[in-house]
Amino acid sequence: MALLQSFLLRRPAWLTLRRQCQLCDETTDHPRHDICTACEAELPWLGAHCLVCALPLPAQGMVCGACQKKPPAFTRVEAPWRYAFPVDSLITRFKHQAQWPYGRLLGELLAEHLQHAYDEGLPRPQALLAVPLAQRRERQRGFNQARMLADWLSRALHIPAPDTWLTRTLDTPAQQGLDAATRKRNLRQAFVVSAPEQVKGQHLALIDDVLTTGATANILAHLLLRAGAARVDVYCLARTPPPGG
Ligand SMILES: [Zn+2]
Ligand SMILES: [Zn+2]
């Protein structure tokens, strides 16, 4: 015992809990994540946004024009950040260069954001469903970043993330040059709710890395509601600012 104690007292500095900030390489004493408080504060936190689709807006507590005109099938989007520097480049490195520690750091911070929202009264979903990636793209990339995020969130929040309820049946053909209606139809046919009996009556949350137009999330939420889901929310890392904004 005395020997162990003296060993512990003499343990070298690198054995003590010291983390390195993944953004600036400084050592940080953040109790939970590999990010320093200065870098964390400088992240592009979302601020005022649409209460439905999380589009950045100039004032708090509003619903954007698009959601007022045509409410989407999902109830609410939760995103901690605007899609801006450095979150955009961290997501790109996670997705296209398979730099998973960046994805994991952002995923941990998203889990924290969601836990805070639950504590404030946001209803907890019963399951998390990753947005399926086109098979061709998943083969090229070797992984689905939404699936990885869903797994990290599942572990942190203790919410199941079944990966067989929602599947992608076919690869959508190149969408360029097609009109909006055709694009939408192609996208709608690309997904299938493969476990409708599980989905029935459930409050679900779709998981994706970035929400841009929300078209895919809207189609998936439609499909899930049609299969009997009670409510569909969307959780993502970042929301793009309004076009031209
Ligand atoms: Zn830092
Ligand atoms: Zn909106």
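Fair warning: this is a prediction, and the values are worked out from it, not measured in the lab.

### Some words on the overall build of the protein chain
Part 1: Helix and strand counts for the protein chain come out as 10 helices and nine strands.
Part 2: Taking the intrachain contacts of the protein chain between residues at least 6 apart in sequence as the baseline, contacts between residues at least 24 apart amount to 69%.

### Describing the coordination of the zinc ion (ligand 2)
Part 1: For the zinc ion (ligand 2), the protein coordination sphere consists of C50 (SG), C53 (SG), C64 (SG) and C67 (SG), at 2.3 to 2.4 Å.
Part 2: Angles of 103 to 114 degrees at the metal separate the four donor atoms of the zinc ion (ligand 2), which places the site in the tetrahedral class.
Part 3: We note that the donor set of the zinc ion (ligand 2) lies within a single chain, spaced as C-x2-C-x10-C-x2-C. You can see C50 sitting in the loop between α2 (37–42) and α3 (65–69) and its partner C64 sitting in the loop between α2 and α3, a full 14 residues away along the chain.

### As for the side chain of Q145
Part 1: Among the structural elements, Q145 can be located in helix α7 (residues 145–157).
Part 2: Only 3.5 Å separates the side chain of Q145 from the side chain of D209, close enough to count as a polar contact.
Part 3: Look past the residues within four positions of Q145 in its chain and what remains in contact with it is F94, K95, L133, D208 and D209.

### Let's talk about the coordination of the zinc ion (ligand 1)
Part 1: All of the protein donors around the zinc ion (ligand 1) are C21 (SG), C24 (SG), C36 (SG) and C39 (SG); their distances to the metal are 2.3 to 2.4 Å.
Part 2: Coordination at the zinc ion (ligand 1) is tetrahedral: its four donor atoms span angles of 102 to 117 degrees at the metal.
Part 3: One chain supplies every donor for the zinc ion (ligand 1), spaced along it as C-x2-C-x11-C-x2-C. On the criterion of sequence distance, the pair formed by C24 in the loop between β1 (19–20) and β2 (27–28) and C36 in the loop between β2 and α2 is long-range, its members being 12 residues apart.

### Digging into helix α5 (residues 100–119)
Part 1: Across its 20 residues, α5 extends 28 Å between first and last C-alpha, which sits within 8% of the 28 Å expected from 1.5 Å per residue.
Part 2: Of the positions making up α5, those classed as buried are Y102, G103, L105, L106, G107, L109, L110, A111, L114, A117 and Y118.
Part 3: Buried residues along α5 sit against α2, β3 (76–78), β4 (81–82), α4 (87–96), α7 and β9 (231–239).
Part 4: Once α5 finishes, G121 follows within two positions and takes phi at roughly 115 degrees, a positive value.

### Looking at helix α8 (residues 180–190)
Residues separated by three or four positions in an α-helix point in the same direction, a consequence of the helix having 3.6 residues per turn.
Part 1: Of the residues making up α8, those classed as buried are T182, N186, L187 and A190. All buried residues of α8 fall inside an arc of 135 degrees around its axis, so they share one side. Exposed residues lying more than 90 degrees from the buried face of α8 are A180 and A181.
Part 2: Its side-chain oxygen 3.2 Å from the backbone nitrogen of A181, D179 forms the N-cap of α8.

### Quick notes on the environment of L129
Part 1: Here L129 lies in strand β5 (residues 127–130).
Part 2: Among all residues touching L129, those that are not within four sequence positions of it are P162, W165, L166, L204, A205, L206, I207 and L224.

### With respect to the environment of V232
Part 1: Along the polypeptide, V232 turns up in strand β9.
Part 2: Along the sequence, V232 and H203 sit 29 residues apart, while their C-alpha atoms lie 6.0 Å from each other.
Part 3: Sequence-distant contacts of V232, defined by excluding residues within four places in its chain, comprise F74, T75, R76, L204, L206, A221, L224 and L225.

### Quick notes on unusual backbone geometry
Most peptide bonds take the trans configuration, and most residues that are not glycine carry a negative phi.
Part 1: Here F85 and P86 are connected by a cis peptide whose omega angle stands at 0 degrees.
Part 2: Topologically, P86 is positioned in the loop between β4 and α4.
Part 3: Positioned with a positive phi, D25 is a non-glycine residue whose angle comes to about 70 degrees.
Part 4: Tracing the chain through its elements places D25 in the loop between β1 and β2.
Part 5: Look at H158: it is not a glycine, yet its phi comes out positive at around 60 degrees.
Part 6: Looking at the secondary structure, you find H158 in the loop between α7 and β6 (166–168).

The rules behind each value
- For every chain, the first residue of its written sequence is number 1, and the numbers climb from 1 along that sequence.
- Here the convention is simple: chains get letters from A, ligands get numbers from 1, in the order in which they are written.
- The model is predicted, so local features are restricted to residues of pLDDT at least 70 and side-chain atom pairs to those at 80 or more, both for listing and for counting; the totals for chains, interfaces and linings are taken over all residues.
- Hydrogens and waters are ignored; side-chain quantities use all the structure's heavy atoms.
- Working definition: helices are DSSP H or I runs of at least four residues, strands are E runs of at least two. Numbering for both runs from the N terminus.
- The contact criterion used is simple: two residues touch if any of their non-hydrogen atoms lie within 4.5 Å.
- Metal donors were taken as nitrogen, oxygen and sulfur atoms no farther than 2.8 Å from the ion, or 3.2 Å where the ion is Na, K or Ca. Water is excluded, so coordination may look unfinished.
- All geometry calls rest on donor angles, where a four-donor set with angles between 85 and 135 degrees is tetrahedral, four- and six-donor sets with opposite donors more than 155 degrees apart and all others between 65 and 115 are square planar and octahedral, and all else is irregular.
- Here a polar contact is recorded for every N or O atom pair within 3.5 Å, except that within protein the pair must consist of a potential hydrogen donor and a potential acceptor, and residues adjacent in sequence are included only if both atoms are side-chain atoms.
- Residue count minus one, scaled by 1.5 Å, sets the expected span of a helix.
- Categorising residues by exposure relies on relative accessible area from a 1.4 Å probe, with only protein chains included: less than 20% of the type maximum marks a residue as buried, more than 50% marks it as exposed, and the intermediate range marks it as partly exposed.
- This arc describes the spread of directions from the helix axis toward the C-beta atoms.

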